[in-house]
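Chain by chain, the residues:
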Amino acid sequence: MSQYFIAVVDDDSNIRDIVEAYLRKEGYRTVGLGSAEAAWDLWNTDTPDMWILDIMLPGMNGYDFCRQIRNIAEVPIIMISAKDEEVDKILGLELGSDDYLTKPFSPRELVARVKRLFHRYAGFKDIAAKPTMEIGKKQQLEIGDLRLSLDERRVFWCGSETEMTVKEFTLLQTMAEQPNRAFSRDELLTLVWGNDYFGSDRAIDDLVKRLRRKLSDLPIETVWGYGYRLRTMKEEELQ
């Protein structure tokens, strides 16, 4: 039986009950909540392994709650909503959700996506462990004022440590290992999320924004119409 704990946040009790019933049948531990405020209280007492989050909630909406959680943790988030506009899906993905389902949806499809997300996040943990196991692998990356401790997964910028989520660290490490190289958005999506990612490539834009916000003046440059690079040298030094 699975030990994963999933929080279902929706103000419609019928939807909560149906979703929870399907998840429990697959062995997941669940809790149903009717508001983002109740969900935040839960976060501080019994942290879920995944959130299934409605957008239209009383009080704080799902977008704001997703943003709040994503600023401090890299826990899987699936958004559900009656809104079927592309802009709503893109906004949810930009704020850090991993998937987006439009109501009405099949509970079986939701369960399949839950399993897929847990599998992907487990893969992130495996990838994160590899540098510490490879003999002779460089355990530190230093580029100017940026230092990454790969075995401890710690980031230091201008001498001060900065907390990073799993994806933030993976993206930063990916670019730091090949400084000055331009990565396309599609390439970064594959390297950070995996080959089976099915969301918007604008999720990379959001991840870069979070890095820039946390690491002020970090020289991540936008390669317009293509992607990003971590610049370490002046333009004339590259001639």
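The following paragraphs examine the structure supplied in this document.

Here is what the cut-offs are and how they apply
- Residues numbered from 1 in each chain as written.
- Predicted model: local features only at pLDDT ≥ 70, side-chain atom pairs only at ≥ 80, totals over all residues.
- Heavy atoms only, no water.
- Helix = DSSP H or I, 4+ residues; strand = E, 2+ residues; numbered from the N terminus.
- Contact = heavy atoms within 4.5 Å.
- Pairing = 2+ DSSP bridges.
- Axes fitted to C-alpha atoms, helices over the stretch in contact; angles between N-to-C directions.
- Expected span 1.5 Å × (residues − 1).
- Buried < 20%, exposed > 50% of the residue type's maximum accessible area, 1.4 Å probe, protein only.
- Arc of directions from axis to C-beta.
- Polar contact = N/O pair within 3.5 Å; in protein donor to acceptor, adjacent residues only side chain to side chain.

**Here we look at the environment of Ala36**
- If you trace the backbone, Ala36 turns up in helix α2 (residues 36–43).
- Taking the C-alpha atoms as reference, Ala36 lies 7.4 Å from Gly59; in sequence the two are 23 residues apart.
- Aside from chain neighbours lying at most four places away, what touches Ala36 is Val9, Leu57, Met60 and Phe65.

**Quick look at the sheet that holds strand β3 (residues 50–54)**
- One open sheet holds the five strands; their spatial order is β2-β1-β3-β4-β5, and the pairing between them is parallel. Of all strands in the sheet, those with a lone pairing partner are β2 (29–33) and β5 (99–102), marking the two edges. On average, each strand axis in the sheet is tilted by 15 degrees relative to the strand beside it, whichever way the strands run.
- Alignment of strand β1 (residues 5–9) against β2, held across five bridges, turns out to be parallel. Paired with Phe5 across the two strands is Arg29, which belongs to β2.

**Quick look at helix α1 (residues 13–25)**
- For α1, with 13 residues, the first-to-last C-alpha span of 18 Å sits near the 18 Å given by 1.5 Å per residue.
- Within the sequence span of α1, burial applies to Ile15, Arg16, Val19, Glu20 and Leu23. Here the buried residues of α1 occupy an arc of 120 degrees about the axis, which is enough to place them on one side. Along α1, exposed side chains directed more than 90 degrees from the buried face belong to Asn14 and Lys25.
- Near the N-terminus of α1, the side chain that reaches the backbone nitrogen of Asn14, with its oxygen 2.9 Å away, is that of Asp12.

**A closer look at unusual backbone geometry**
- Cis geometry is adopted by the peptide bond preceding Pro104, which originates at Lys103 and carries an omega value of -5 degrees.
- With respect to the secondary-structure elements, Pro104 resides in the loop between β5 and α5 (107–133).
- For Asp217, which is not glycine, the phi torsion reads 75 degrees and is therefore positive.
- Given the relative accessible area of 70%, Asp217 is considered exposed.

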